[in-house]
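Observations on the three-dimensional arrangement
Residue strings, one per chain:
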Amino acid sequence: MTTNSNVVLSVPVEKESPLIFFVNGKKVTDAEPDPECTLLTYLRDKLRLCGTKLGCGEGGCGACTVMISRVDRATNSIKHLAVNACLMPVCAMHGCAVTTIEGIGSTRTRLHPVQERIAKSHGSQCGFCTPGIVMSMYALLRSMPLPSMKDLEVTFQGNLCRCTGYRPILEGYKTFTKEFSCSMGDKCCKVNGNKGCNGAESEQNGVNDQLFEKSEFLPFDPSQEPIFPPELHLNPQFDAVNLVFTGPRSTWYRPVELLDLLKLKAEHPHGKIIVGNTEVGVEMKFKQFLYPVHINPIKVPELNEIRELEDSILFGSAVTLMDIEEYLRGRTEKLPRHQTRFFRCAMKMLHYFAGKQIRNVASLGGNIMTGSPISDMNPILTAACAKLKVCSLVDGKVHTREVRMGPGFFTGYRKNTILPHEVLVAIHFPKTSKDQYFVAYKQARRRDDDIAIVNAAINVTFEPNTNIVQEIYMAFGGMAPTTLMAPATSKIMVKQKWDRVLVERVAESLCVELPLASSAPGGMIAYRRSLVVSLFFKAFLAICQELMQAGVLEANVIPERELSGAETFHTPILKSAQIFERVRSEQSTCDPIGRPKIHASALKQATGEAIYCDDIPRHENELYLALVLSTKAHANIISIDATDALRQPGVHAFFSSKDLTQHENEVGTVFHDEEVFASKKVNCQGQVVGAIVADNQVLAQRAARLVHIKYEEVYPVIITIEQAIEHKSYFPNYPQFNEKGNIDKALKEADHVYEGSCRMGGQEHFYLETNACVSTPRDNDEIELFCSTQNPSEIQKLVAHVVSLPCHRVVCRSKRLGGGFGGKESRSIILALPVALASYRLGRPVRCMLDRDEDMMTTGTRHPFLFKYKVGFTKEGLITACNIECYANAGWSMDLSFSVLERAMNHFENCYRIPNIKVGGWVCKTNLPSNTAFRGFGGPQGMFAAEHLIRDVARIVGKDYIDVMRINFYKTGDITHYNQRLEDFPIERCMNDCLEQSKFHEKRAQIVEFNRKNRWRKRGISLVPTKYGIAFGAMHLNQAGALINIYADGSVLLSHGGVEIGQGLHTKMIQCCARALGIPTELIHISETATDKVPNTSPTAASVGSDINGMAVLDACEKLNRRLRPIKEAHPNASWHAWINKAYFQRISLSASGFYKMPDVGDDPAKNPNARTYNYYTNGVGVSVVEIDCLTGDHQVLSTDIVMDIGSSLNPAIDIGQIEGAFMQGYGLFVLEELIYSPQGALYSRGPGMYKLPGFADIPGEFNVSLLTGAPNPRAVYSSKAVGEPPLFIGSTAFFAIKEAITAARAERGLSVHFQLEAPATAARIRMACQDEFTELIDQPPTDAHKPWNVVP
Ligand SMILES: Cc1cc2nc3c(=O)[nH]c(=O)nc-3n(C[C@H](O)[C@H](O)[C@H](O)COP(=O)(O)OP(=O)(O)OC[C@H]3O[C@@H](n4cnc5c(N)ncnc54)[C@H](O)[C@@H]3O)c2cc1C
Ligand code: FES
Ligand code: FES
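What counts and how
- Numbers given for residues are sequential positions, taken from 1 along each chain in its written order.
- Each chain is given a letter, starting from A, and each ligand a number, starting from 1, according to the order in which they appear as written.
- Given that the model is predicted, a residue must reach a pLDDT of at least 70 before its local features are reported, and side-chain atom pairs must reach 80 or more before they are shown or counted; all residues, however, enter totals for whole chains, interfaces and linings.
- Each side-chain value is worked out from all heavy atoms of the structure, with water and hydrogens disregarded.
- By the criteria applied, helices consist of DSSP H or I runs no shorter than four residues and strands consist of E runs no shorter than two, each listed in order from the N terminus.
- Per-residue confidence from the predictor is reported as pLDDT, which spans 0 to 100.
- Contacts are assigned to residue pairs that have any heavy atoms within 4.5 Å of one another.
- By convention a nonpolar core is built from buried Ala, Val, Leu, Ile, Met, Phe, Trp, Tyr and Cys residues, the set being connected through side-chain atoms within 4.5 Å.
- Whether a residue is buried, partly exposed or exposed follows from its accessible area with a 1.4 Å probe, protein chains only, as a fraction of its type maximum: under 20%, in between, or over 50%, in that order.
- Distances are taken per atom, and a residue is near a molecule or strand as soon as one of its heavy atoms is within 4 Å of it.
- N or O atoms within 3.5 Å of each other form a polar contact, as long as, within protein, one can give a hydrogen and the other can take it, and as long as residues adjacent in sequence are counted only when both atoms are side-chain atoms.
- The accessible surface values rely on the Shrake-Rupley method and a 1.4 Å probe; as for residues, cover is taken only from the protein chains in view.
- Under the scheme applied here, ten amino acids are nonpolar (Ala, Val, Leu, Ile, Met, Phe, Trp, Tyr, Cys and Pro), four are charged (Asp, Glu, Lys and Arg), and all others, including Gly, are polar.
- By definition, two strands form a pair when at least two bridges between them are found by DSSP.
- Fitting a line to C-alpha atoms yields each axis, with helices limited to the stretch in contact; the angle taken between N-to-C directions then spans 0 to 180 degrees.
- Any angle from 65 to 115 degrees is called roughly perpendicular, while one under 35 is roughly parallel, one over 145 is roughly antiparallel, and all others are oblique.
- Two helices crossing with the near one rotated counterclockwise from the far one by less than a right angle form a left-handed crossing, whereas a clockwise rotation gives a right-handed crossing.
- By definition, a salt bridge exists where a carboxyl oxygen of Asp or Glu is found within 4 Å of a side-chain nitrogen of Lys or Arg.
- In this scheme Phe, Tyr and Trp rings, the latter by its six-membered ring, pair at centre separations within 6.5 Å, and the angle between planes marks the pair as stacked below 30 degrees, edge-to-face above 60, and tilted otherwise.
- Lysine and arginine charges are scored as sitting over a ring when NZ or CZ, respectively, is within 6 Å of the ring centre and within 35 degrees of the ring normal.

Attention now moves to unusual backbone geometry. Following Tyr715, the chain continues to Pro716 via a peptide bond in cis, the omega torsion being 0 degrees. Inspection of the secondary structure assignment puts Pro716 in the loop between strand E31 (708-713) and helix H24 (721-726). Backbone geometry at Gln288 places phi at a positive 55 degrees, although glycine is not the residue there. Its location among the elements puts Gln288 in the loop between helix H9 (280-286) and strand E11 (293-295).

In structure tokens:
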């Protein structure tokens, strides 16, 4: 402990000064910035720069990425960093230059190559993620003009895209990398045209493999970027003066000297030090913490220093994680290898720590001081017993003390021995000694950008040149409210040999020393306990290898097949191919059908110019609405008291069921079994009880929390399917059955009868744009709504109902959506109805865009399903009968669940002909938010059952499941159990192509060999076919309308009933219109979807958007062509413009509506012999190869091959984009994404932090997609087929490949190869299915004493 007594106190703050920073080259000066305001809010609300998007508000999606640039005064260089604007306090921007998407290029001026390339490579679908991804790439190029593919991997760790499947983004941006550029420079054949380096064009067999033309790309010239503002560069005062900004509720201090910082801390011991704000920002936004004093120490030299000492490297506590990683990388290359063992561990941990945007700003001090039990750095620092330098001001004197992390440092949940008035100044990273080894592992739900489930760090020192343990420290995260050490186990290891005998003792001891209560927060009890042992074992293997390399242990002490157990997965560099049919040479070059045209608004999306609902400029007198949500899953409402809320300044009104008649309050998609506002009872957590309207979002949300609701709980609370079955909680009229043949007889006569079951979870839509709505009253009896909905007509109808107006006085408009995936088909009403009501009643515009957590809590998910089946089959594996029960967890209201269940019941046989069927369906009523449509709409769930039973049959008859599939496949002419004849069934062709494309048999043989050679790593390969029926289940919805207006200048405004959700519908409609009218696409524009243009539209759903709207467009075009024909015949050589001009002067109507009704679908078979349930089917086959880590449950998809029959593609780029995006969403559904609920129905997984969708690193290492050629579809527009939903089920190839890999692991241990694996196949489920000597050590808690933290719905 040292004390400096010669200190003269300085005054921390000299004067209040304005905040000064630059945005896109323009100076911003703000005399009164609010310390609670984020940069994102400032950009969007104050500067009206809406290109930067809000996707989550918690640093987890990257939609808000901007670049900040600042001067590094020490080196006089400029640093460019991608950061999350949603967490960055605007006050921290003093002296910085901010660059947003608007600042780098636009369609009106000049596109930046990063904008152009993502658009032209088809990397932007809905576009909501695009500005963030563009800015991540831009920031990378600003600091590294020629990056590697590895740099791209790191750069995109913090960006999510829900639409594209990432492949096209990486392909587009690969053109900036070292790997792409070759020594030929501009003359490179990859830049110049389509030929590969071998000079061969891939045009053989009428196929094409080029979705975009790289030679069209603008060249990237790094010297042309805007310069850093000289005013900021030349004036060191920006970084040298103390600052204070006082806001309404808090004050921001930026001291520049340690003494001032300590003084502030002495005066305000509970003042919040804020460095990266990545912890504090989340607390303020989502936990509503109020910190009156913010202290930003990033200019204090001592907290920013990096210094190498003899035995360590000292990092100031405010040094960012990225800077630490970079510095360590440099030193690791130079220092003797043995000294860097800790550094290498730290770098490995840092690589998987959050995303790059977070690491660019987050500090090590922030991580230590937060003391999260799942922190990544604390276990390694604790195991290293790292030295910390801590300072404070006591009696006017600077007091410095040294604190050791290690035993006793963490004293409780987020608590440590550093006192509130103290400041953590610096951290020592120790150099390791020759005989010291350091290994660390982290296991998370997703490898990149995820917090740990469990992590471990092992620091062992051996007696010189031996394997005898001299000293060992082990630390674990995720096992208690703090980082834990294992002193008792460490003790028994001292003086012992580092060998298998020790492993056994340690494993047993760790199980005892690190117990976990059965109700411990985080759940996954057995898995987490097993991870402790497994991670130790991995460390054991890794250290053995090092000892072997050092010659301390003999080379063969660990069998070779065990060595890969020490490894972790690394993201492979993407390889891919996309094959599609080449248009015929005789097709006119201006005919766009069949060509890979880019998404019509991709360029605007890439520049941030594309407008989404919340980007619509604010009206002058606009108000903001916040929902008041139920906090009980099942309860009577005793009282609602909004008095406190209404007392708040700026609050205008509170709406509840009392503001509506019972009739007005009762709403729903088909059945009016919901309420706009719950009146007497709540049926789930997150149900809307009321709405507060205030001047702005912050006030509205604060006031909403002041609405007091008294409840009387009602029992039972039913959350899971099993609970619903137990309580017979089903919707009226269920179960329903569908029978074909004679099931009892067939089962009786079958050679084998097998009873099985399978279960899969729900899925959050996680469209990047949450539900949003802006409503404006017009006159006193009209409403105009802008709404992020897939179903404008439904919104129009229900708004009209709620405010008791006829539909002709309500207009609903949707320009584009930032994704929907079914989630905005029926559930948009939750927000749109209160917003419309409030604006109508108050006579003022009202807006709301839900926060991510609100959206996730209220809008429901994909339906979880349970299937129980009894299947009868012959000795050869021919299925003769199946009796199956399908249970869907519908949540509390019916919504579309009846239809989802029906599709599941219709798809449960997938591609297999089963002559005798009894299928029963139960819509389970539970106390969850109402589950709803989600891409696939019950189809993937049904087919999941089919793939289980086909594999069960193959296992039991002892045949290859590929052969069993073949003998059971439907043939053309077969009739399904809902009596639809299969007119054309190309599944064999898809399968043969896919087997060949994927080299299935070759890979399968290699996998057998791999599995033989690897004890702890196993691979699996799996093939899955799919058959998806195209049509709405509700027959009346199979209709569409269109309106075409041709203006006198020849330009065409096209309107149709479909909404652009990112799926490229508008692009395809423009293509259809262009071919039908014989004009270039450039003459055609679609502005929006609006109920006053095309009435009574169907939702944009069921994959039929192009089919039905395309035909309506053709109908309108035909009318116009008929009218124009005489003019064209009279002037055959005139131009389009001339024809239109003549038509106008001849007073020919240049406006036509079109209509389409899907023929035969839903007709009565007695009246129409062609009557059918589905218009046709879309088929495909996929193969995936996956490798798993049996010790942790981690996995990597090594390759995926898909062959889809989508008829004659209207636009192969869009269709392949849909296939890849659907595959990744399906992969998320079956493998990664897990909804986590409390037993009381509270959703824990309310944001990207807890709910993990696939990221860039999760795409298959090799990802190949082929479209079946020569397969035109006679039943849809221009011979195409629907594509949106059908490929999603192919994501299950990863699930079944994982199951194969687990089977291999189990077979090796002599365990049964028949085991249950629920979807999603999370790391926890994979690990626990790979039973071994370590999992056997974990005792399962008795079920009656088990009070779980979470339940599976
Ligand atoms: C999207 C996202 C992903 C994340 N992923 C991970 C992850 O993978 N692994 C992981 O471990 N964490 C993760 N985190 C947590 C967080 O990023 C880290 O804890 C980070 O290191 C915090 O640093 P900061 O500078 O942003 O802290 P801040 O939010 O600025 O501060 C955090 C706390 O530390 C205190 N503090 C900071 N510096 C000092 C000091 N010098 N002296 C005393 N007190 C101080 C602050 O007062 C505050 O209480 C994630 C967070 C987000 C938002
Ligand atoms: S909005 Fe900032 S990361 Fe999601
Ligand atoms: S395009 Fe990425 S989220 Fe839609």
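Looking at the chain, pLDDT values average 95 and 97% of them are 70 or higher. Within the model, pLDDT remains below 50 along residues 1-12, and this stretch shows 29 contacts once partners closer than five positions in the same chain are excluded. Low confidence marks residues 192-202, where pLDDT is under 50. Its contacts with residues over four positions away, or in another chain, come to 18 contacts.

We now examine the nonpolar core. Core analysis: the largest hydrophobic core is formed by 286 residues, its most contacted members being Tyr173, Leu625, Ile692, Leu1023, Ile1044 and Trp1136. Among the elements that line this core, the one with the most residues is helix H37 (residues 1212-1232), at eleven residues. Setting aside chain neighbours within four positions, we find Leu625 in contact with Ala691, Ile692, Val693, Ala700, Leu831, Pro834, Val835, Ala838, Val846, Arg847 and Cys848. Ile324, Phe343, Val403 and Ala440 belong to the second largest nonpolar core, which has 74 residues in total.

Among the secondary structure elements, Asn992 is positioned in helix H32 (residues 987-997). When its relative accessible area of 36% is taken as the criterion, Asn992 is described as partly exposed. Each C-alpha atom, one on Asn992 and one on Val1181, is 9.1 Å from the other, the two residues being 189 residues apart in sequence.

Near ligand 1 lie 30 residues; those nearest to it are Ile273, Val275, Thr278, Ser363 and Asp376. Within the side chain of Ser317, an N or O atom sits 3.0 Å from a nitrogen atom of ligand 1. When ligand 1 is considered free in solution it has 990 Å² of accessible area, and contact with the protein chains removes 93% of it. Elements represented by at least two residues in the shell around ligand 1 include exactly strand E10 (272-273), H9, helix H14 (364-370) and strand E18 (423-430). If you tally residues by element for the shell around ligand 1, the top one is H14, at five residues. Looking at the shell around ligand 1 residue by residue, the class counts come to 13 nonpolar, eleven polar and six charged.

Okay, the sheet that holds strand E6 (residues 97-99) next. The strands making up a sheet are joined through hydrogen bonds of the backbone, oriented either antiparallel or parallel. The strand order E3-E2-E6-E4-E5 describes an open sheet built from five strands, whose pairing is mixed. Lying at the two open borders of the sheet, with one neighbouring strand each, are strand E3 (26-30) and strand E5 (77-84). With direction set aside, neighbouring strand axes in the sheet form an average angle of 30 degrees. Pairing geometry for strand E4 (residues 65-72) and E6, over three bridges, is antiparallel. Its bridge partner lying in E6, Ile68 is registered against Val98. Seen against the sheet, helix H3 (residues 130-143) touches E4, E5 and E6 and runs at an angle of roughly 25 degrees to E4.

Most of E18 sits inside the fold, with seven of its eight residues counted as buried. Bridging between strand E13 (residues 312-316) and E18 involves five bridges; their strand directions are antiparallel. Residue pairing for E18: Gly316 is matched across the bridge by Ala426. Of the pairings in the sheet, the one linking strand E14 (residues 387-394) to E18 comprises four bridges and is antiparallel in character. Pairing of Lys389 across the sheet is with Ala426, part of E18.

Axis separation between helix H34 (residues 1065-1077) and helix H35 (residues 1105-1130) bottoms out at 8 Å; the angle between their running directions is 25 degrees. Looking at the two axes, H34 sits roughly parallel to H35. In this structure, H34 crosses over H35, and the sense of that crossing is right-handed. Where H34 abuts H35, its residues Leu1065, Lys1068, Met1069, Cys1072, Cys1073, Ala1076 and Leu1077 lie against Gly1105, Ser1106, Asn1109, Gly1110, Val1113, Leu1114, Cys1117, Leu1120, Asn1121 and Lys1128. Classifying every residue of the contact of H34 with H35 gives ten nonpolar, five polar and two charged.

Take the environment of Ile879 next. Turning to its location among the elements, Ile879 is positioned in strand E39 (residues 879-889). Separated by 119 residues in sequence, Ile879 and Met760 place their C-alpha atoms 23 Å apart.

Applying the stated criterion across every chain, the model contains 73 salt bridges. One salt bridge connects Glu586 with Arg584, and the closest N-O pair in it is separated by 2.8 Å. Looking at Glu586, the relative accessible area reads 57%, which means it is exposed. Residues Asp644 and Arg647 are paired through a salt bridge, measuring 2.8 Å at the closest nitrogen-oxygen approach. On the criterion of helical spacing, the pair formed by Asp644 and Arg647 is a turn pair, its members being three residues apart in helix H21 (residues 643-647). Exposure remark for Asp644: the relative accessible area of 28% places this residue in the partly exposed category. Three or more residues are tied together by salt bridges with common partners; here these are Arg44, Asp45, Lys53, Asp614, Asp615, Arg618, Glu622 and Arg847.

We now examine the packing of helix H30 (residues 939-957) against helix H31 (residues 961-968). Between H30 and H31, the least distance of the axes is 9 Å, while the angle of their chain directions is 115 degrees. Seen from above, H30 lies across H31 with right-handed handedness. Residue-level contacts link Glu947, Ile950, Arg951, Val953, Ala954 and Val957 of H30 to Tyr961, Val964, Met965 and Asn968 of H31. Of the residues that constitute the contact of H30 with H31, the class distribution is seven nonpolar, one polar and two charged.

Moving on, we get to the packing of aromatic side chains. Applying the stated rule across the entire model yields 38 aromatic pairs. Measuring from ring centre to ring centre gives 5.8 Å for Tyr173 and Phe176, while their planes differ by 50 degrees; the resulting arrangement is tilted. Assigned by exposure class, Tyr173 and Phe176 land together as buried. Between Tyr970 and Phe985, the aromatic rings sit 5.8 Å apart at their centres with planes inclined by 85 degrees, giving edge-to-face as the arrangement. Placement of Tyr970 in the loop between H31 and H32 and of Phe985 in the loop between H31 and H32 is noted, with a sequence separation of 15 residues between them. The class for Tyr970 is buried, based on a relative accessible area of 2%. What links up through ring pairs into an aromatic cluster is the set Tyr437, Phe462, Trp498, Phe536, Phe537, Phe540, Trp1016 and Phe1334. Arg951 extends its terminal NZ or CZ atom over the ring of Tyr961, reaching a point 4.5 Å from the ring centre. Geometry around Trp1016 places Arg1015 over its ring, the cationic atom sitting 4.0 Å from the centre.

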